[in-house]
Amino acid sequence: DAKTTQPPSMDCAEGRAANLPCNHSTISGNEYVYWYRQIHSQGPQYIIHGLKNNETNEMASLIITEDRKSSTLILPHATLRDTAVYYCTASYNQGGKLIFGQGTELSVKP
Amino acid sequence: NAGVTQTPKFQVLKTGQSMTLQCAQDMNHEYMSWYRQDPGMGLRLIHYSVGAGITDQGEVPNGYNVSRSTTEDFPLRLLSAAPSQTSVYFCASNTGLGNSPLHFGNGTRLTVT
């Protein structure tokens, strides 16, 4: 699994886009980039994943650089309910010996 | 589908007591894993299983035992609880394929006094 690095915290104004970066410079060609979020102390929730191409779903967009060494999770119109810790992981298989980093604590402010 | 179910939600133990945290999934997932999360910290992998009868250690396995006798269940045993094991424990599962995200349970909050 590739090691991931994220900023420990970020702020975002409500209604604005939240752009959360993740560095995974040692990622291998078959490793996916996955994003999860954890609200309060609930179980982490899957958001989105991608391999090479940019991806979008109803929750967020994922932009992966062409060299795949970094990615950005975009919450297009952040709400107060998006305040959470966001984790980025990079691995072929999310099961097995998957190591999580410290994540980014996103605070959405009114 | 209930997804990943963890019981109990809360537990208080005295030092030296033993207990089993239960985890069950109804999605026919091959892979299951246990994480612990301490206050202000990220998730740390305790043990994981890639299928019935197969388990392996994660980052912080000491003090914990696991077994996987069925695909559905992956219990975590504390043989002699210590205050350092006070934490929130999460169980997760997925199919084991590359395109499969982890599904997490809602956690068990354990306090050891």
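We now turn to the structure provided with this report. (Residues numbered from 1 in each chain as written. Chains lettered and ligands numbered in written order. Predicted model: local features only at pLDDT ≥ 70, side-chain atom pairs only at ≥ 80, totals over all residues. Heavy atoms only, no water.)

### A closer look at the nonpolar core
Core analysis: the largest hydrophobic core is formed by 23 residues, its most contacted members being Trp35, Leu73, Tyr86 and Leu106 of chain A. Counting only elements with at least two residues in this core, the list comes to β2 (18-23), β3 (32-38), β4 (45-50), β6 (61-64), β7 (70-75), β8 (84-91) and β9 (104-109) of chain A. The element contributing the most residues to this core is β8 of chain A, with four residues. Residues within four places of tyrosine 86 of chain A in sequence aside, it is in contact with Gln6, Leu20, Trp35, Tyr36, Arg37, Ile47, Leu73, Leu75, Gly103, Thr104 and Leu106 of chain A. Of all hydrophobic cores here, the second largest spans 20 residues; its members include Trp34, Ile46, Val66 and Val112 of chain B. (Core = buried A, V, L, I, M, F, W, Y, C linked by side-chain atoms within 4.5 Å. Buried < 20%, exposed > 50% of the residue type's maximum accessible area, 1.4 Å probe, protein only. Helix = DSSP H or I, 4+ residues; strand = E, 2+ residues; numbered from the N terminus. Contact = heavy atoms within 4.5 Å.)

### Quick notes on the pattern of salt bridges
Considering all chains together, one arrives at three salt bridges over all chains under this definition. Put simply, aspartate 82 of chain A and arginine 37 of chain A hold a salt bridge, and the shortest N to O gap is 2.8 Å. You can see aspartate 82 of chain A sitting in the loop between β7 and β8 and its partner arginine 37 of chain A sitting in strand β3, a full 45 residues away along the chain. Between aspartate 38 of chain B and arginine 36 of chain B there is a salt bridge, and its shortest N-O distance comes to 2.8 Å. We note that aspartate 38 of chain B, like arginine 36 of chain B, is buried. If you follow the salt bridges from partner to partner, you end up with Arg36, Asp38 and Arg44 of chain B in one network. (Salt bridge = Lys/Arg side-chain N within 4 Å of Asp/Glu carboxyl O.)

### Regarding the side chain of threonine 104 of chain A
Residues and elements named next belong to chain A. Mapped onto the secondary structure, threonine 104 falls in strand β9. Since its relative accessible area comes to 0%, threonine 104 is described here as buried. Threonine 104 has contacts with Gln6, Pro7, Pro8, Ser9, Met10, Leu20, Ala84, Val85 and Tyr86, leaving out every residue within four places of it along the chain.

### As for the interface of chain A and chain B
Counting residues at the interface gives 22 residues for chain A, matched by 25 residues for chain B. Inspection of the chain A/chain B interface yields zero salt bridges. Our count for the chain A to chain B interface comes out at six residue pairs in polar contact (both at pLDDT 80 or more). Those elements giving two or more residues to the side of chain A that touches chain B turn out to be β3 and β4 of chain A. (Polar contact = N/O pair within 3.5 Å; in protein donor to acceptor, adjacent residues only side chain to side chain.)

### Re the sheet that holds strand β8 (residues 76-78) of chain B
All names here are of chain B. Read across the sheet, four strands follow the order β1-β3-β8-β7 without closing on themselves; strand pairing throughout is antiparallel. Edge positions in the sheet fall to β1 (4-7) and β7 (64-66), since each of these pairs with one other strand and no more. The average undirected angle you get between the axes of adjacent strands in this sheet is 20°. Relative to strand β3 (residues 19-25), β1 is paired through four bridges, and the arrangement is antiparallel. Bridge pairing in β3 links threonine 7 to glutamine 22. (Pairing = 2+ DSSP bridges. Axes fitted to C-alpha atoms, helices over the stretch in contact; angles between N-to-C directions.)

### Section: the sheet that holds β2 of chain A
Residue and element names in this part refer to chain A. Judged by pairing direction, the sheet is antiparallel, and its four strands sit side by side in the order β2-β7-β6-β5 without closing on themselves. Because the sheet does not close on itself, it has two edges, and the strands there are β2 and β5 (55-56). Direction of pairing for β2 relative to β7: antiparallel, over a ladder of six bridges. What sits directly across from asparagine 19, in β7, is isoleucine 74.

### Structural notes on the environment of arginine 16 of chain A
All names here are of chain A. Structurally, the position occupied by arginine 16 is in the loop between β1 (9-13) and β2. Spatially, the C-alpha atoms of arginine 16 and asparagine 93 are 33 Å apart, while their sequence positions differ by 77 residues. In this structure, arginine 16 is in contact with Leu75, Pro76, His77 and Ala78, ignoring residues within four places of it in sequence.

### A look at the side chain of serine 100 of chain B
When you line up the elements, serine 100 of chain B lands in the loop between β9 (87-94) and β10 (103-104). Polar side-chain contacts of serine 100 of chain B include one of 3.1 Å to the side chain of threonine 95 of chain B. Setting aside anything within four residues of it in sequence, one finds serine 100 of chain B in contact with Tyr34 and Gln94 of chain A together with Asn94 and Thr95 of chain B.

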